[in-house]
Amino acid sequence: MFRVVKALKILEVSQYAERILRPPPILFRLLRVVFGLASVTHVFGCAFWLVKVISNDEEEVVEFLEYNGLSASANVVEKYVLSVYFINTVFTTVGFGDIHASNTLEQVTCVVIMLVGVLVFGTMLSEVQAAVSELRRLALERGHKLHRLVRYLRAEEVPVDLECKIISWVDFDLTCEQEDEELRHVRDSLPWSIQKQLDAHLRQ
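These lines cover the structure that appears in this document, whether it is placed above or below. (Residues numbered from 1 in each chain as written. Predicted model: local features only at pLDDT ≥ 70, side-chain atom pairs only at ≥ 80, totals over all residues. Heavy atoms only, no water.)

1. Describing the environment of Leu149
Consideration 1: Structurally, Leu149 can be placed in helix α5 (residues 104–155).
Consideration 2: Overall, the relative accessible area of 18% leaves Leu149 in the buried class.
Consideration 3: Here the alpha-carbon distance between Leu149 and Glu163, two residues 14 residues apart in the chain, equals 9.5 Å. (Helix = DSSP H or I, 4+ residues; strand = E, 2+ residues; numbered from the N terminus. Buried < 20%, exposed > 50% of the residue type's maximum accessible area, 1.4 Å probe, protein only.)

Have a look at this one:
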């Protein structure tokens, strides 16, 4: 439970998963946020329980478990869930108050958790907002063009079946155009030697 250091390899794991699975960049961005949040929660959940055990005698730990609906013989999973539950209430600023610091060391630990929680929660929200904003921007661009197209087709009294086919094709074409534009932007930012390698690959 206390093998906290393993969670610090999150970046290596996520980069490896990206190379193997090759998901869409925006989807991977959101998954990495969730994976990172879970890892940070795991680290501080383990740290909180470690502090709880170190700073309290056995009777106080048993009393804490029983107060939270667990028996003195609660297994590792139950203790872990309780700790992670507390960390999530702190990170999400819910703070039910059913679990709280009972001594100075726990209070110091909780202060650190709160400060880190502000950064983690803020980062998570900004990443999600950035990803959603990008998706919304692309969808709005296509939507405006498709709206003008629909008005034109209906003004010309194009049959419904043909209209649907045209809209479907134009939507596909606009999506490809946006992807090509993104690729060109990325290509132009690359060093000349890497650009040549990319161009050679795309011509294959």
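Moving on from the coordinates now.
2. Observations regarding helix α4 (residues 76–91)
Consideration 1: Under the 1.5 Å per step criterion, the end-to-end length of α4 is 22 Å for 16 residues, consistent within 8% with the ideal 22 Å.
Consideration 2: Along α4, the positions that sit buried rather than exposed are Leu82, Ser83, Val84, Phe86, Ile87, Thr89, Val90 and Phe91.
Consideration 3: One side-chain oxygen at the N-terminal end of α4 lies 3.2 Å from the backbone nitrogen of Val77; it belongs to Asn75.
Consideration 4: Taken from the residues just after α4, Thr93 is the one with a positive phi, measuring 60 degrees. (Expected span 1.5 Å × (residues − 1). Polar contact = N/O pair within 3.5 Å; in protein donor to acceptor, adjacent residues only side chain to side chain.)

3. Some remarks on the nonpolar core
Considering soluble globular proteins, one finds that nonpolar side chains tend to be buried as a cluster.
Consideration 1: The biggest cluster of nonpolar side chains holds 18 residues, and the ones touching the most others in it are Phe48, Phe64, Leu65, Phe86, Ile87 and Ile113.
Consideration 2: Counting residues per element, the ones that place at least two in this core are α2 (25–55), α3 (58–67), α4 and α5.
Consideration 3: Among the elements that make up this core, the one with the highest residue count is α4 (5 residues).
Consideration 4: Residues within four places of Ile87 in sequence aside, it is in contact with Thr41, Phe44, Gly45, Phe48 and Ile113.
Consideration 5: One finds Leu146, Leu149, Leu153 and Val158 within the second-largest nonpolar core, a separate group that totals 5 residues. (Core = buried A, V, L, I, M, F, W, Y, C linked by side-chain atoms within 4.5 Å. Contact = heavy atoms within 4.5 Å.)

4. A short note on the packing of α4 against α5
Consideration 1: Contact geometry for α4 and α5: axes closest at 8 Å, N-to-C directions at 60 degrees. Between α4 and α5, the angle is such that the two are oblique. Judged by the sense of rotation from one axis to the other, the crossing of α4 with α5 is right-handed. Side by side, α4 and α5 meet where Phe86, Ile87, Val90 and Phe91 of the first sit next to Cys110, Ile113, Met114, Val116, Gly117, Val120 and Phe121 of the second. (Axes fitted to C-alpha atoms, helices over the stretch in contact; angles between N-to-C directions. Parallel < 35°, antiparallel > 145°, perpendicular 65-115°, else oblique. Left-handed = near helix turned anticlockwise from the far one by under 90°.)

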